[in-house]
Amino acid sequence: CKEATCATNQTFPNYFKFGVATASYQVEGAWNEDGKGENIWDHLCHTNPDFVDDRSNGDIACDSYHKYKDDVAMLKDLGVDFYRFSLSWSRLIPLGLAGSPVNQAGIDYYKNLIQELVNNNIEPLVTIFHWDLPETLQEYGGFPNPEIEEHFAYYARVVFKNFGDSVKYWLTFNEPLQTCHEGYGIGFTAPGYKSSGLAEYKCTHTLIKAHARAYHVYDEEFRTQQQGYVGIAPDTYWYEPASGSVSDQEAAERALQFTYGWFANPIFNGNYPSVMIERIDERSKLQGFASSRLPKFTDEEVEYIKGTHDFLAINAYSTLYVQAKEEEVDTAVISYDSDLNVDTFFDDSWEESASSWLRVVPWGMRKLLNWLSKTYNHPEIFITENGVSDTGGLNDDRRINYYREYLSNVLEAILDDGVNVTRYTAWSLMDNFEWARGYTEKYGLYSVNFDDPGRPRTSKASASYYSSVISSKCLVDNCE
Ligand code: GBH
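Remember, it's a predicted structure, so these values are computed and weren't measured experimentally. (Residues numbered from 1 in each chain as written. Predicted model: local features only at pLDDT ≥ 70, side-chain atom pairs only at ≥ 80, totals over all residues. Heavy atoms only, no water.)

Undergrad: Would you mind showing me how to read helix α2 (residues 40-47) here?
TA: Each α-helix winds once per 3.6 residues, and so residues spaced three or four apart point in a common direction. When α2 is considered as a whole, its buried residues turn out to be Ile40, Trp41, Asp42, Leu44 and Cys45. Where α2 is buried, its residues contact α1 (24-27) and α6 (135-139). You can read the cap of α2 off the contacts: a side-chain oxygen lies 2.9 Å from the backbone nitrogen of tryptophan 41, and it is on asparagine 39. (Buried < 20%, exposed > 50% of the residue type's maximum accessible area, 1.4 Å probe, protein only. Helix = DSSP H or I, 4+ residues; strand = E, 2+ residues; numbered from the N terminus. Contact = heavy atoms within 4.5 Å. Polar contact = N/O pair within 3.5 Å; in protein donor to acceptor, adjacent residues only side chain to side chain.)

What follows is the structure in structure tokens.
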């Protein structure tokens, strides 16, 4: 599979980098070893096992805490340029609180992992927070409590200081939409709160400020010496208007602003999207609130938050059609969904995955990349997650097709549309603890035998496919 045999319209640029991702709670295990504190996922799984489909948990997961060298060997076999993984806050700072003790065993674990990556020429791309909030901070109210900003700033300083010599690429938060909407709005993820349209917006407000604080901490205390890059990884569907009507087009744009824009607009353009501010102000008034349910940033805060990015990151898996909805006459319902007020649906013809929320719609990726580029002034774009689930098996042809088709649309966005995408990250390196779905949905390029205490890993067909794409930078599939 030589470059010479690859048509130019199938070849990724030389500078383009390929990686794979995981997250701490989904792979590490060792939930209570060597001084690690409890986090909200430990707590939820242990106190309410029915929250998870198969009543499983991440107590052991892939056991990456003990098997990180095996993980790096797999990364080496794949030939990836970088590995995106996340840090467990409560492994590093068991209580999570600003000023509280740092757990040296946790520092050592990540130092060893990073060293192993560096020794193998694999660049670390580190997510500081991927959903596993220290339980103590949840006891204080979690993200809706503005104090989290202070605790997160302390945490960020600890990780920049300890790992910043080797780590040059940082993501503050993974999918803040899911933390706030699913975690505090509809209760699909830990801590499982249902306070849609209320605590949900407070969560976002704190989280965005915490992101900006971490960015400024890096700027003021570490950047000169460490010369790295900091961003955040919000997620969204591509929202395709269900028809050419103006109202459907507006509804689709509004859905993008209520998901990706909710986080990216303050950080790239300044303040929440105006469509969010206006709609939530108006509905709050009708509902008798003294002020908007969407908290307001002061002018200084708007300035402080604006520009806190060195690249744009996107987690994207799928597409939804969007249809405008009649404005509700009854405004009594308080929820994010009624603030947004659109209907969304899949096309029946779109291929399904093992996840009810994910259908295979490769062209949505190209449209989304174009929208991001236009809306946020042509930034450098990292795709920090993309992938598909099945129910298991090593001959995962459908996963290969998914990657080929999505990558082909990424390539068209780069070559034909001029979108500046420089990295692609497959989710995931290996099958892992899939949050409320437990171990029932598989996203890995490698399978893990969760019945075997040794947690052996086996490569799937998609691993060799991805590895040939990486080594050739080409999408031809007959490389053997
Ligand atoms: C990503 O979220 C996560 O970052 C990653 O940790 C996860 O493993 C990966 O996806 C695969 O799921 O309707 O109750 O099934 C993607 C965003 C999170 C949006 C789950 C849809 C549906 C929950 N998705 N959510 S449910």
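Undergrad: Mind showing me how you'd approach the layout of surface pockets here?
TA: Gaps left between atoms show up when a probe the size of a water molecule is rolled over them. Roughly 1200 Å³ of volume is contained in the largest pocket. Around the largest pocket sit 43 residues that line it, and Gln178, Glu182, Phe188, Tyr237 and Trp357 are the ones nearest its centre. Only α8 (176-185), α10 (246-269), α13 (336-340) and β9 (342-345) provide two or more residues apiece to the lining of the largest pocket. Looking at the lining of the largest pocket, its residues break down into 19 nonpolar, 13 polar and 11 charged. (1 Å grid on protein atoms, 1.4 Å probe; cavity = no way out; pocket = protein on both sides within 12 Å on 5 of 7 lines; lining within 4 Å. Points joined across faces, edges and corners; volume = space filled by probe spheres on them. Nonpolar A, V, L, I, M, F, W, Y, C, P; charged D, E, K, R; others polar.)

Undergrad: Is there a simple way to explain the state of the cysteines in this structure?
TA: Defined simply, a disulfide is a covalent bond joining two cysteines at their sulfur atoms. In this structure the tally under the stated criterion is two disulfides. Bridging cysteine 6 to cysteine 474, the disulfide has an S-S length of 2.0 Å. One disulfide, between cysteine 6 and cysteine 474, carries an S-S torsion of 95° and so falls in the right-handed class. Placement of cysteine 6 in the segment before β1 (17-21) and of cysteine 474 in the segment after α16 (461-472) is noted, with a sequence separation of 468 residues between them. (Disulfide = S-S within 2.5 Å.)

Undergrad: Hey, could you run me through empty space enclosed by the protein in this one?
TA: Under the counting rule described, the total for this entry stands at four cavities of 30 Å³ or more. The space that makes up the largest cavity amounts to roughly 80 Å³. Residue lining of the largest cavity: 14 residues in total, with Val27, Tyr83, Phe85, Tyr109 and Leu113 positioned closest to the centre. Secondary-structure elements contributing two or more residues to the lining of the largest cavity are α1, α3 (64-78), β2 (82-86) and α5 (104-119). The class makeup of the residues in the lining of the largest cavity is eight nonpolar, four polar and two charged.

Undergrad: How do you make sense of the site of the ligand when you look at a structure like this?
TA: Taken together, 17 residues lie near the ligand, and Gln26, Glu175, Glu182, Glu434 and Arg437 sit nearest. Glutamine 26 is positioned such that a nitrogen or oxygen atom in its side chain is 2.8 Å from an oxygen atom of the ligand. Surface burial for the ligand is 88%, taken as the share of its 580 Å² of free accessible area covered by protein chains. At a threshold of 2 Å from the grid points, most atoms of the ligand map onto the largest pocket. Partitioning the shell around the ligand into residue classes produces seven nonpolar, four polar and six charged. (Near = heavy atom within 4 Å. Areas by Shrake-Rupley, 256 points an atom, 1.4 Å probe, with all protein chains shown as cover. Sits in = over half its atoms within 2 Å of the grid points.)

Undergrad: How do you make sense of the pattern of salt bridges when you look at a structure like this?
TA: Between side chains of opposite charge, a pair can form as their charged atoms come close. Taken as a whole and assessed by the stated rule, the structure comprises 26 salt bridges. Across the salt bridge formed by lysine 17 and glutamate 123, the nearest N and O atoms sit 3.6 Å from each other. Of this pair, lysine 17 sits in strand β1 while glutamate 123 sits in strand β3 (residues 123-129); the two residues are 106 residues apart in sequence, bridging distant segments of the chain. On the accessibility criterion, lysine 17 (28% relative accessible area) is partly exposed. A salt bridge links arginine 84 to glutamate 385, with the shortest nitrogen-to-oxygen separation between them at 3.0 Å. Here the residue arginine 84 occupies a position in strand β2, and glutamate 385 occupies one in strand β12 (residues 381-386), the gap between them amounting to 301 residues. No difference in accessibility class separates arginine 84 from glutamate 385, as the two residues are buried. (Salt bridge = Lys/Arg side-chain N within 4 Å of Asp/Glu carboxyl O.)

Undergrad: Is there a simple way to explain the sheet that holds strand β6 (residues 238-241) in this structure?
TA: In any sheet, the strands associate via hydrogen bonds between backbone groups, in a parallel or an antiparallel arrangement. Judged by pairing direction, the sheet is mixed, and its three strands sit side by side in the order β6-β8-β9 without closing on themselves. Looking at which strands have only one partner, the edges of the open sheet turn out to be β6 and β9. Geometrically, the sheet is characterised by an average inter-axis angle of 40° between neighbouring strands, direction not taken into account. Two elements, β6 and strand β8 (residues 319-324), share four bridges in a ladder whose sense is parallel. Paired with tyrosine 239 across the strands is leucine 320, a residue of β8. (Pairing = 2+ DSSP bridges. Axes fitted to C-alpha atoms, helices over the stretch in contact; angles between N-to-C directions.)

Undergrad: Would you explain the packing of aromatic side chains in this entry?
TA: Each aromatic ring pair is specified by the distance between its two centres and by the angle formed by the two planes. Tallied over the entire structure, the rule returns 56 aromatic pairs. Each ring, one from tyrosine 110 and one from phenylalanine 163, has its centre 6.1 Å from the other, and the planes form 75°; the classification is edge-to-face. With a gap of 53 residues between them, tyrosine 110 in helix α5 and phenylalanine 163 in helix α7 (residues 148-163) connect regions that are remote in the sequence. Residue class for tyrosine 110 comes out buried when judged on its relative accessible area of 0%. Look at phenylalanine 163 and you get buried, because its relative accessible area is 3%. Seen in terms of ring centroids, phenylalanine 346 and tryptophan 350 are 6.3 Å apart; in terms of plane orientation they differ by 70°. Their pairing is edge-to-face. An aromatic cluster is built from Phe12, Phe16, Phe18, Tyr402, Tyr403, Tyr406, Tyr424 and Tyr466, whose rings are joined through pairwise contacts. One Lys or Arg, arginine 293, reaches over the ring of phenylalanine 289 and ends 5.7 Å from the middle of that ring. (Phe/Tyr/Trp six-rings, centres within 6.5 Å; stacked < 30°, edge-to-face > 60°. Lys NZ or Arg CZ within 6 Å of the ring centre and 35° of its normal.)

Undergrad: Any chance you could explain α3 here in plain terms?
TA: Between its first and last C-alpha atoms α3 spans 17 Å; for 15 residues at 1.5 Å apiece the expected length is 21 Å, and the helix comes up short by more than 12%. Its maximal kink placed at aspartate 70, α3 deviates by approximately 35°. Residue glycine 79 follows α3 closely and has a positive phi angle near 80°. (Expected span 1.5 Å × (residues − 1). Bend = angle between axes of the 7 residues up to and from the residue.)

It is worth stressing that arrangement in space is one thing and function is another; only the former is reported here.
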